[in-house]
Structures are given as structure tokens and as C-alpha cells.
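Examining the three-dimensional arrangement
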Amino acid sequence: MTTPEWAGTLAERGGALMHTYGRYPIELVSGRGCRVADADGREYLDMVAGIAVTALGHGHPAVVEALHRAADGLVHTSNLYWTEPMVRLAERLTAAAGMERAFFCNSGAESVEAAIKMARRARPGRTRLVAFDGAFHGRTLGALSLTARPAYQEPFRPLVPGTTILPFGDPAALGAIDGTVAMVLVEPVQGEGGVRPAPPGWLAALREACDAAGALLVFDEVQSGMGRTGTLFAFQAEGVVPDAVTSAKALAGGLPMGALLARGEAAGALQPGDHASTFGGGPLVAAVADAVLQVILSDGFLPRVRQAGEALSGSLAAAVTGHPLAGAVRGRGLMQGVALTGPLAADVTAAAAERGLLVCPAGPGVVRFTPPLIVTDAEIDEAAGLFRSALAAVG
Ligand SMILES: Cc1ncc(COP(=O)(O)O)c(C=O)c1O
């Protein structure tokens, strides 16, 4: 056996990891609020938040306290037993979402897998699952089957059969939803697909089409949920209620957790023994998620997210207006994207990091801003200024 060699940058030593990610050459070592620091002591304004995960920023007292308290007791029990944090979180989350029951898992992709199995149980004999172009639902085989991107799908065929991909936001396409469809899965605001909110009225039309066909309508709010767009879930601003909603990312403030929340017959579709997760809803993650949820639901928090979202889109629009590489600023709340006139998102992101600003691409031509929900107006202005400078450096 060879002795590990600890010298060198992490990028140089990264050979012990499978090469599934293209990482920036940045080694992050600490964080506080909306700022993180690298191994050289360089500070960055964090407008990524772990891709819409660390909703309360880094080191938030509610997260730290819940984590410490839970770590000093039951971290894990399995789902053979009841634990108070899991039940409390299920109660609070379903009530706030207007749902009835929760299934807890560990990631966004798993929450989508749970939705697929729920739909198969609820609609036996129906063979089709519908999703939309530009969508991203995750990398496990079921979720990948509903993520219609050739580069992601081709090497892994055969995928789950019976999937139909329709154009996102197109009312004319909804006629394809018929009595063979078990579930329609859609992001109310597409994240990875370039921060694209569904056009006004389209989700309501989708609801009608699903009702007419008897198909379940499931909203994937893995990215848009947990306060990100200014309501707990984005659908709550639309007045369109799905049969179920998926959640993950920010759910436990940075710890791995996912959930499928459902109402009506969908909530009762999965039977004992149908689905399971060893870690799902464990007492530590559930306690932290409940602490995060309480902060998000506290007085004034979501109104402030809406205000900060307006400040962010306004500051970004002002910062990029007239720049030849910049197109529209679009999004909801604190999920905003700057569309570029070409496939330059990676270059602009790299230039931003050089200036101490962390942002991330949402597709080749859109730079995404998903800061912690606690971001201040001063931090928003600072981010917009750094972004303008990054844009200027690229072209
Ligand atoms: C809308 C949406 N669904 C599902 C996923 C997959 O989540 P995870 O990476 O936790 O499996 C993502 C991740 O970006 C997402 O944005």
C-alpha cells in the first residue's frame, strides 16, 4: 500500500475521486453568512449558496444550534422506529405546503423517484410519464428519464420507458396529456434549464389538462422551493395546487434531505413496503430542517425574500443594461438568471470568481444567482457591481 501524499492543491490531489464534476480551482474552507473563504484566505461573496441549498447562509445560529443539539443525541435510528423531529417536520411542512403527507429521502433525485413510484401506484395500468424540455429532475435512472438532455441520457440507455417530453410553457402541447398518462412532472420555475419561470396561466392550464385526463400533477420544487422564490413553494404564488411536490436542496439548510409531499389520493398511494430509505427523515436532518423551516416561516422572512428578489433583479438589470453580452434578467424572488447573448456563462462565472463573486451557470448561456435568503441589500449591490466588472472582462 502506498502512503497518501497530502502535498499539493486539492485539484492536483483530486485523482482519488471519480471524474464526474468539472470543478473550479477554488478550495473553500470556511463560511459565514453570505461569504465564504478559500484556503488562501481570499473571501468570496456567495451568490450560489451551494446551488440554492444553504438558504440561511453559512453558520446561521438556528442551524448551528439544531445541529449541535441533535448531534449530541440520536443522529440516526432507521425507519423501524418513530422519532419526534421527523413527525414534527412532516406536520409543519405539509401544513405550510397545503399537503397532507410526507415521504422523506436524501436528495432531489430521490424525491422524484418517489413521485414516479407514487404515480405508478396511484394510476396502475397507465404507462406514460410526462415532463418538459429544458427540465432537470436529477441523475438517477428514473429522474434522468424525465430529464431530456441527450448528453445526460444517451450513455445510459435504456431508460425508463413511456416518457413523453413536451415543450415547456406551450399551451398547445397540453393536448398530449390523455388517459394513458400517470403523472405530469414540472418545475414551476426551471432552474438548470436557464432560470425560466412558467409563463403566466400555463400552470393553471396544465392543472386543467391533468384533471381532464385523470393524471397526477407533480411540481418539482427541489430548487424553487423552501422560500427561494418568495413563497414557501413557488406554486403558492400561482394559486395552482399540485397533487404532490418534491423538495430537497434547501430543505435541511445544507444537510442532505429530500421530501415528497402529497395530498388526496396521491398521499395514500404508497403502501407499507412499497418504498423506503434507510436515512430518510433521520432525527438529525429532520431537526435541522425543522429549525430552517421555522425561520423561513417566521414573521417577515418571506416578505423580505420577495423584497430582496426585487432588489436583486433590479440591481442586476441596472448593472447589465446596455452591455452587448447581456440579455434579459429573469426569475422569481432570489432565483434570478442573467441571459447572455452567447454560450459564455462559464467564462463570465470564472471572471466573477476572480473578482470575488461566486455565481454559477444555468445552461451555457445563463448565469444564475441563488444567494442565501438572508442576503442584504448591500450584498446585492456589491454582487451586481462585481458581476458588471466580470462581464466587462469577458467582452
Ligand atoms: C428541479 C430539480 N430537481 C431535481 C434535482 C436533483 O437534485 P439532487 O441533485 O439533490 O438529486 C435538481 C438539482 O439541481 C433540481 O434542480
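None of the values given here were measured: they were computed from a predicted structure. (Residues numbered from 1 in each chain as written. Predicted model: local features only at pLDDT ≥ 70, side-chain atom pairs only at ≥ 80, totals over all residues.)

Our next topic: the environment of Pro256. By secondary structure assignment, the location of Pro256 is in the loop between strand E11 (244-247) and strand E12 (258-262). The partly exposed category is assigned to Pro256, around which 17 C-beta atoms lie within 10 Å. Sequence separation of Pro256 and Phe279 is 23 residues, and the distance between their C-alpha atoms is 9.7 Å. Leaving out residues up to four positions away in the same chain, Pro256 has contacts with Asn106, Ser107 and Val285. (Helix = DSSP H or I, 4+ residues; strand = E, 2+ residues; numbered from the N terminus. Buried ≥ 20, exposed ≤ 12 C-beta atoms within 10 Å, placed from the backbone. Contact = placed C-beta atoms within 7 Å.)

Further remarks concern the site of the ligand. Neighbouring the ligand are 14 residues; Ser107, Gly108, Ala109, Gly138 and Val222 lie closest to it. Broken down by element, the residue count for the shell around the ligand peaks at 3 residues, all from helix H5 (residues 108-122). In terms of residue class, the shell around the ligand is made up of 5 nonpolar, 6 polar and 3 charged. (Near = placed C-beta within 6 Å. Nonpolar A, V, L, I, M, F, W, Y, C, P; charged D, E, K, R; others polar.)

Let us look at the sheet that holds E12. Each strand in a sheet pairs with another by means of backbone hydrogen bonds, the pair being arranged parallel or else antiparallel. Strand order across the open sheet formed by 7 strands is E4-E12-E11-E10-E7-E5-E6, with mixed pairing between neighbours. In this open sheet, the two strands that pair with only one neighbour each are strand E4 (101-105) and strand E6 (163-166). Here the average twist between neighbouring strands, direction ignored, is 20°. Alignment of strand E7 (residues 181-186) against strand E10 (residues 216-220), held across 4 bridges, turns out to be parallel. (Pairing = 2+ DSSP bridges. Axes fitted to C-alpha atoms, helices over the stretch in contact; angles between N-to-C directions.)

Within the largest apolar cluster, 131 residues are counted, with the highest numbers of intra-cluster contacts made by Val184, Val288 and Leu357. Per-element tally for this core: the top contributor is helix H10 (residues 283-297), with 10 residues. Each of two domains, domain 1 (10-59 + 300-394) and domain 2 (62-297), supplies a minimum of three residues to this core. Residues contacting Leu357, with those up to four places away along its chain left out, are Tyr44, Leu45, Met47, Ala352, Ala383, Leu386, Phe387 and Ala390. (Core = buried A, V, L, I, M, F, W, Y, C linked by C-beta atoms within 7 Å. Domains from an automatic or database assignment.)

Before going further, it helps to spend a moment on the sheet that holds strand E17 (residues 366-369). Spatially, E13-E14-E17-E16 is the arrangement adopted by the 4 strands of the open sheet, whose pairing is antiparallel. Each end of this open sheet is capped by a strand with a single partner; those strands are strand E13 (326-332) and strand E16 (360-361). In this sheet, E17 lies alongside E16 in antiparallel orientation, the contact comprising 2 bridges. Paired with Cys360 across the two strands is Arg368, which belongs to E17.

With that settled, the discussion passes to the packing of helix H4 (residues 84-97) against H10. Close contact between H4 and H10 brings their axes to 8 Å; oriented N to C, the two are set at 35°. Read as a crossing pair, H4 and H10 show a hand that is left-handed. Across from Pro85, Met86, Arg88, Leu89, Arg92, Leu93 and Ala96 in H4, the residues of H10 making contact are Pro283, Ala286, Ala287, Ala289, Asp290, Leu293 and Leu297. Here the contact of H4 with H10 is built from residues that sort into 11 nonpolar, no polar and 3 charged. (Left-handed = near helix turned anticlockwise from the far one by under 90°.)

Attention shifts here to helix H13 (residues 377-394). Given a rise of 1.5 Å per residue, 18 residues ought to cover 26 Å, and the 26 Å separating the end C-alpha atoms of H13 matches this to within 8%. Looking at the packing, one finds that the buried side of H13 touches strand E3 (43-46), helix H11 (301-320), E13, helix H12 (345-354) and strand E15 (357-358). (Expected span 1.5 Å × (residues − 1).)

Moving on to the pairing of strand E2 (residues 35-38). Along any regular strand, the residues point their side chains to alternate faces of the sheet. Where strand E1 (residues 28-32) lies against E2, 4 bridges are found, and the strand directions are antiparallel. Looking across to E2, one finds that Leu28 is bridged to Asp38. Here E1 folds back onto E2 in antiparallel fashion, the turn holding 2 residues, of which Gly33 has a positive phi close to 60°. Pairing of E2 with E3 involves 3 bridges; the strand directions are antiparallel. Looking at the pairing, Val36 lines up with Tyr44 of E3. Between the end of E2 and the start of E3, which pair antiparallel, lie 4 residues, with Gly41 showing a positive phi angle near 85°.

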